[in-house]
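As a plain string of letters, each chain reads:
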Amino acid sequence: MPVTKIIKVAMAIVILGIESSCDDTSAAVIRDRVLLSNIIAGQKVHIQYGGVVPELASRAHQQNIVPVVNQAIRDAGISRSQIDAVAFTRGPGLLGSLLVGTSFSKGFSAALDIPMIEVNHLQAHILVHFIESAGSAQQSPEFPFLCLLVSGGHTQLVVVRDYDRMEIIGRTIDDASGEAFDKCAKLLGLPYPGGPHIDKLAGEGDPDRFTFNKPRLPGYDYSFSGLKTSFLYFLRDRLREDPEFIGKNMADLASSLQKTIVEILMHKLKRAAKDLKIKQIALAGGVSANSGLRHSLRLEAEKQGWQVYVPPIAYTTDNAAMIAITGYYRFLKGEFASEDVVPQARIYF
Ligand code: KG4
Ligand code: ZN
């Protein structure tokens, strides 16, 4: 095995990445830092329930994983024998979902006699900034940089010192920002996940029409449960006066809500960047697709002289390209998982 590794490091390294932490089954192939394929199968089954149902998610992963991996290998234009290692999400995430990706990776690694690499889903969201897409000249941040990681399950401010040295300096003490988008969208009667719907409607509305509660927390921590409650009570009171209130004001509600969430996110980001004197600023995670957040970041970048890094939309929500790039950096360090590795629902860096 060590001899094989030395030979492989001298040549291009091909990693198969597997992501199954929540409700997207994804497989990707990367050659060094260049992405060759990235297949994502979403799960529409959850829409009718207004949120992810863990039992249904793991069952759908089982159905999807083999075809998704086969397509990723086919689209990459490689053969299985060219794959040097399989990287998979070990956590955090839903245990039943993580188990599918972990078990598949174990079988794949044993069948091809190649190493397995465990990947932290949160680190992977951040490392999307180092993926190279064929034909594109995407710039990567320089270390150290500050990353606002915003997703359906997490909201964190992270100082990224190296590919594997990351420090969480602020996190949400209750709901994640994506959850705030989704839960408020649900109150408006929008489908799950509501974030993209709010984003779309927000563009047609007045962001200053309504105001909602913003938290006052010391340090760099976030809170979104107060906003959700304020939004709920506001709607309840207005609906008493006019049962058609939501329908008549949908775009303004979405726009004002988005503005509030973005302001909450930007407030702590600005404070941390100033205190730590970091001007390399990145976004990552599903909510980083939000157009209001991207716009606000760019405006602030001009004011503060920041250099900002926003991932391509395709790499914002869960995908295996981010698992493959993280696997690549771990491969370079020879950090492989043992055969008895088990998924972990709750892990941080
Ligand atoms: O990173 P992700 O795919 O999954 C987790 O790891 O949680 O993030 C999903 C979250 C959902 O809450 C979804 O509503 C939100 O990202 N999201 C958005 C947008 N696109 C996705 N939120 C606001 N605006 C968007 N354009
Ligand atoms: Zn995620």
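Explain the site of ligand 1 to me, and be specific about the residues and the numbers.
As a matter of local geometry, ligand 1 sits amid 19 residues, with Gly-152, Asp-182, Asp-199, Asn-290 and Asp-318 nearest to it. The contact in question runs from an oxygen atom of ligand 1 to an N or O atom on the side chain of Asp-182, over 2.6 Å. In isolation ligand 1 exposes 560 Å². Once the protein is present, 89% of that is buried. Here the residues of the shell around ligand 1 sort into five nonpolar, 11 polar and three charged. Both domains that furnish three or more residues to the shell around ligand 1 are identified here as domain 1 (3–138 + 316–336) and domain 2 (145–312).

Run through the coordination of the zinc ion (ligand 2), naming residues and quoting values.
At the metal site, the zinc ion (ligand 2) is ligated by His-121 (NE2), His-125 (NE2) and Asp-318 (OD), and these contacts range over 2.0 to 2.2 Å. Classification of the site at the zinc ion (ligand 2) as irregular follows from its four donor atoms and the range of 94 to 140 degrees in their angles at the metal. All donors of the zinc ion (ligand 2) belong to a single chain; written as a sequence motif, their spacing is H-x3-H-x192-D. In this pair, His-121 sits in helix H4 (residues 121–127) while Asp-318 sits in the loop between strand E11 (307–309) and helix H10 (321–332), placing the two residues 197 residues apart along the sequence. Of the two residues, His-121 and Asp-318, neither departs from the other in class, the shared state being buried.

Go over the sheet that holds strand E7 (residues 145–150), please, and point to the residues and values.
Judged by pairing direction, the sheet is mixed, and its five strands sit side by side in the order E9-E8-E7-E10-E11 without closing on themselves. Only two strands of the sheet have a single partner each, and these edge strands are strand E9 (165–171) and E11. Direction aside, neighbouring strands of the sheet carry axes that sit 25 degrees apart on average. Sheet topology places strand E8 (residues 155–162) next to E9; six bridges connect them, and they run antiparallel.

So what about the state of the cysteines? Which residues, and what values?
Under the definition given, this model contains zero disulfides. Free cysteine Cys-22: the closest other cysteine sulfur is in Cys-184, separated by 19 Å. Here Cys-22 falls in the partly exposed class, since its relative accessible area comes to 22%.

Lay out unusual backbone geometry in plain terms, naming residues and giving numbers.
The residue after Gly-91, namely Pro-92, is reached through a cis peptide bond having omega -5 degrees. With respect to the helices, strands and loops of the structure, Pro-92 is situated in the loop between strand E4 (85–91) and helix H3 (95–112). The step from Phe-143 to Pro-144 runs through a cis peptide bond, and the omega angle for that step is -10 degrees. Tracing the chain through its elements places Pro-144 in the loop between strand E6 (132–133) and E7. Located in the positive-phi region is Lys-277, a residue other than glycine, with phi close to 55 degrees. For Lys-277, the position within the fold is in the loop between helix H8 (245–276) and strand E10 (280–284).

Help me get a handle on the layout of surface pockets, residues and values and all.
Here the second largest pocket defines a volume of roughly 340 Å³. Together, 17 residues line the second largest pocket, and Lys-259, Val-262, Gly-292, His-295 and Ser-296 are the ones closest to its centre. Among the secondary structure elements, those contributing two or more residues to the lining of the second largest pocket are H8 and helix H9 (291–304).

I'd like a rundown of the environment of Pro-311, residues and numbers included.
Among the structural elements, Pro-311 can be located in the loop between E11 and H10. Counting along the chain gives 23 residues from Pro-311 to Ser-288, while the straight-line C-alpha distance between them is 7.6 Å. Not counting the four nearest positions on each side in its chain, Pro-311 is found in contact with Val-128, His-129, Leu-283, Ala-284, Ser-288, Arg-294 and Thr-316.

Describe the environment of Tyr-309, and please don't skip the residues or the numbers.
Summarising the element assignment, Tyr-309 is placed in strand E11. When the C-alpha positions of Tyr-309 and Cys-147 are compared, they lie 9.0 Å apart, and in sequence the two are 162 residues distant. Filtering out sequence-adjacent residues up to four positions away, Tyr-309 remains in contact with His-129, Gln-139, Ser-140, Pro-141, Gln-280, Ile-281, Ala-282 and Leu-283. At 3.0 Å, the side chain of Tyr-309 forms a polar contact with the side chain of Gln-280.

Outline the domain arrangement of the chain, listing residues and values.
Taken domain by domain, the chain consists of domain 1 (3–138 + 316–336) and domain 2 (145–312). Domain 1 and domain 2 are separated by 28 Å when their C-alpha centres are compared. Taken together, the contact pairs 21 residues of domain 1 with 24 residues of domain 2. Both faces considered, domain 1 and domain 2 share a buried interface measuring about 1800 Å² in area, 71% of it formed by carbon and sulfur atoms.

What counts and what doesn't
Residues numbered from 1 in each chain as written. Chains lettered and ligands numbered in written order. Predicted model: local features only at pLDDT ≥ 70, side-chain atom pairs only at ≥ 80, totals over all residues. Heavy atoms only, no water. Near = heavy atom within 4 Å. Polar contact = N/O pair within 3.5 Å; in protein donor to acceptor, adjacent residues only side chain to side chain. Areas by Shrake-Rupley, 256 points an atom, 1.4 Å probe, with all protein chains shown as cover. Nonpolar A, V, L, I, M, F, W, Y, C, P; charged D, E, K, R; others polar. Domains from an automatic or database assignment. Donors = N, O, S within 2.8 Å, 3.2 Å for Na, K, Ca; no water. Tetrahedral: all angles 85-135°; square planar, octahedral: opposite > 155°, others 65-115°. Helix = DSSP H or I, 4+ residues; strand = E, 2+ residues; numbered from the N terminus. Buried < 20%, exposed > 50% of the residue type's maximum accessible area, 1.4 Å probe, protein only. Pairing = 2+ DSSP bridges. Axes fitted to C-alpha atoms, helices over the stretch in contact; angles between N-to-C directions. Disulfide = S-S within 2.5 Å. 1 Å grid on protein atoms, 1.4 Å probe; cavity = no way out; pocket = protein on both sides within 12 Å on 5 of 7 lines; lining within 4 Å. Points joined across faces, edges and corners; volume = space filled by probe spheres on them. Contact = heavy atoms within 4.5 Å. Buried area = accessible area lost by both parts, 1.4 Å probe.

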